[in-house]
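Residue-level structural notes
Each chain is listed here by its residues.
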Amino acid sequence: QLQASGGGLVQAGGSLRLSCAASTPTFSRYVMGWFRQAPGKERILVAALFRTGYSPVYADSVKGRFIISRDNAKNTMSLQMDNLRPEDTAVYYCAVGPSVIRSTLASQNAYRHWGQGTQVTVSS
């Protein structure tokens, strides 16, 4: 129901844009988020955005470098990643969920539907 794309191999300092397409218009009412999981590490929130598109949530490690956006009319979400660093290397997952509480967005439990993941590799 969620299809993530746009991952790849890039050198440090480069950019990638991830996209996530939802198969049902219902998801346009949900909060949308991007998580990532590096080898041997937990899956963590990268960025999240409520339906309104205002007040995005970002992990401290990506603030100023990543921008999350969504197009509710097209049921899509994107993550523009600039100035990439080797530590950004991970599998990136898009997710949607019904939460309306900002403080819950960092928890995987706030999301009901997940994409399959797309690999991002940043070389030094």
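Now for a look at the structure at hand. Note that the structure is a prediction, hence the values are computed from the model and not measured.

**Some details on the nonpolar core**
- With 30 residues, the main nonpolar core has Trp34, Val46, Phe66, Ile68, Leu79, Met81 and Tyr92 as its most contacted residues.
- Among the elements of the structure, β1 (2-5), β3 (16-22), β4 (31-37), β5 (43-49), β7 (66-71), β8 (76-81), β9 (90-97) and β11 (118-123) are those that each provide at least two residues to this core.
- If we ignore the near neighbours within four places in the chain, the residues touching Tyr92 are Leu18, Trp34, Phe35, Arg36, Val46, Phe66, Leu79, Met81, Gly117, Thr118 and Val120.
- Within the second largest apolar cluster, ten residues are counted, among which are Ala48, Leu105, Ala110 and Tyr111.

**Some details on the pairing of β1**
- Of the two faces of β1, the one holding Leu2 and Ala4 is buried and the one holding Gln3 and Ser5 is not buried anywhere.
- Pairing geometry for β1 and β3, over four bridges, is antiparallel. The residue of β3 that forms the bridge with Leu2 is Ala22.

**Overview of the packing of aromatic side chains**
- Within this structure, the stated rule accounts for four aromatic pairs.
- Measuring from centroid to centroid gives 5.9 Å for Phe27 and Tyr30, while their planes differ by 35 degrees, and the two rings are tilted.
- Among the residues examined, Tyr30 registers a relative accessible area of 16% and is labelled buried.
- An aromatic cluster of three or more residues is present, and its members are Phe35, Tyr111 and Trp114.
- Here the guanidinium or amino end of Arg43 rests over the ring plane of Tyr93, the centre of that ring lying 3.7 Å away.
- The lysine or arginine in question, Arg43, covers the ring of Trp114, its NZ or CZ lying 5.0 Å from the ring centre.

**Comments concerning the environment of Tyr111**
- For Tyr111, the position within the fold is in the loop between β9 and β10 (113-114).
- What makes Tyr111 buried here is its relative accessible area of 5%.
- Setting aside chain neighbours within four positions, we find Tyr111 in contact with Val31, Met32, Gly33, Phe35, Leu45, Ala48, Ala95, Val96, Gly97 and Leu105.

**Here's the deal with the pattern of salt bridges**
- Within this structure, the stated rule accounts for three salt bridges.
- For Arg36, the salt bridge identified is with Asp88, shortest N-O distance 2.9 Å. One end of the pair, Arg36, is in strand β4; the other, Asp88, is in the loop between β8 and β9, with 52 residues separating them in the sequence. Considered together, Arg36 and Asp88 belong to a single accessibility category, that of buried residues.
- Lys63 is the salt-bridge partner of Asp60, the closest N and O atoms lying 3.1 Å from each other.
- The exposure class of Asp60 is exposed, given its relative accessible area of 63%.
- One salt-bridge network, in which partners are shared between bridges, spans Arg36, Arg65 and Asp88.

**A word on the side chain of Ser99**
- Checked against the element boundaries, Ser99 lands in the loop between β9 and β10.
- A distance of 2.5 Å separates a polar atom in the side chain of Ser99 from a polar atom in the side chain of Thr104.
- Residues within four places of Ser99 in sequence aside, it is in contact with Val31, Phe50, Thr104, Leu105 and Ala110.

About the cut-offs
Counting from 1, residues in each chain are numbered in the order their sequence is written. In view of the model being predicted, local features appear only for residues whose pLDDT reaches at least 70, and side-chain atom pairs are presented and counted only at 80 or more, with totals across whole chains, interfaces and linings using the full set of residues. For side-chain calculations, the full set of non-hydrogen atoms in the structure is used, while hydrogens and water are omitted. To define a nonpolar core, start from buried Ala, Val, Leu, Ile, Met, Phe, Trp, Tyr and Cys residues and group those joined through side-chain atoms within 4.5 Å. Only protein chains enter the calculation, and the probe is 1.4 Å; a residue is then buried if its accessible area is under 20% of its type maximum, exposed if over 50%, and partly exposed in between. Note on conventions: DSSP H or I runs of at least 4 residues are helices, E runs of at least 2 residues are strands, and numbering of each starts at the N terminus. A contact between two residues is defined here by any heavy atoms of the two lying within 4.5 Å. One bridge is not enough; two strands pair if DSSP finds at least two bridges between them. For Phe, Tyr and Trp, where Trp contributes only its six-membered ring, two rings pair if their centres lie within 6.5 Å, and the inter-plane angle classes them as stacked under 30 degrees, edge-to-face over 60, or tilted in between. Here, over-ring charges are defined by two tests on the NZ atom of lysine or the CZ atom of arginine: distance to the ring centre within 6 Å, and angle to the ring normal within 35 degrees. The salt bridge definition used is simple: a Lys or Arg side-chain nitrogen within 4 Å of an Asp or Glu carboxyl oxygen. Two N or O atoms form a polar contact when they lie within 3.5 Å of each other; inside protein one atom must be a possible hydrogen donor and the other a possible acceptor, and for residues adjacent in sequence the pair counts only when both atoms belong to side chains.

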